[in-house]
Amino acid sequence: MNTITLSLLITAIRNAESLAELQRMVGPCDQEQEKAERRMSQIDNIWNGCNGDLNSLSAFTKLRYDQLLIEQNEFENKYC
């Protein structure tokens, strides 16, 4: 975990051109980072469980896989 000092936070706020840019500078909170790690683990488990053949997944599992990817993409777009 990165340590953010008050002066770094103030500098980031002053230099940010938008809230989205500020969020990327500061990064996710610990809880959001943990959720992202769990989500990536679930994505990997589904992928490895079907040996990369997404067509072999049940409709429910495929829907869950797609939703996890959407959530992960949103996280990465926000913080990466």
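The preceding data block contains the structure.
Okay, so let's go over this structure. Model, not experiment: these values are computed from the prediction.

### Thoughts on the pattern of salt bridges
Reasoning step 1: Overall, the coordinates contain 2 salt bridges when judged by the stated rule.
Reasoning step 2: Glu71 is the salt-bridge partner of Arg39, the closest N and O atoms lying 3.8 Å from each other. Residue Arg39 is located in helix α3 (residues 30–49), and its partner Glu71 is located in helix α4 (residues 59–79); the two are separated by 32 residues in the primary sequence.
Reasoning step 3: According to the relative accessible area criterion, Arg39 is buried, its value standing at 9%.
Reasoning step 4: Since its relative accessible area comes to 27%, Glu71 is described here as partly exposed.
Reasoning step 5: Across the pair Lys62 and Asp66 runs a salt bridge whose closest N-O atoms are separated by 2.8 Å. In this pair, Lys62 and Asp66 both sit in helix α4, 4 residues apart, roughly one turn of the helix.
Reasoning step 6: With relative accessibility at 28%, the residue Asp66 sits in the partly exposed group.

### Points about the layout of surface pockets
Reasoning step 1: Here the second largest pocket defines a volume of roughly 160 Å³.
Reasoning step 2: Lining the second largest pocket, in full, are Gln31, Glu32, Lys35, Arg39, Glu71, Glu74, Phe75, Lys78 and Tyr79.
Reasoning step 3: For the lining of the second largest pocket, the elements supplying multiple residues, two or more each, are α3 and α4.
Reasoning step 4: Per-element accounting of the lining of the second largest pocket gives the leading share, 5 residues, to α4.

Reading the values: the criteria
Residues numbered from 1 in each chain as written. Predicted model: local features only at pLDDT ≥ 70, side-chain atom pairs only at ≥ 80, totals over all residues. Heavy atoms only, no water. Salt bridge = Lys/Arg side-chain N within 4 Å of Asp/Glu carboxyl O. Helix = DSSP H or I, 4+ residues; strand = E, 2+ residues; numbered from the N terminus. Buried < 20%, exposed > 50% of the residue type's maximum accessible area, 1.4 Å probe, protein only. 1 Å grid on protein atoms, 1.4 Å probe; cavity = no way out; pocket = protein on both sides within 12 Å on 5 of 7 lines; lining within 4 Å. Points joined across faces, edges and corners; volume = space filled by probe spheres on them.

In short, geometric facts, not functional conclusions.
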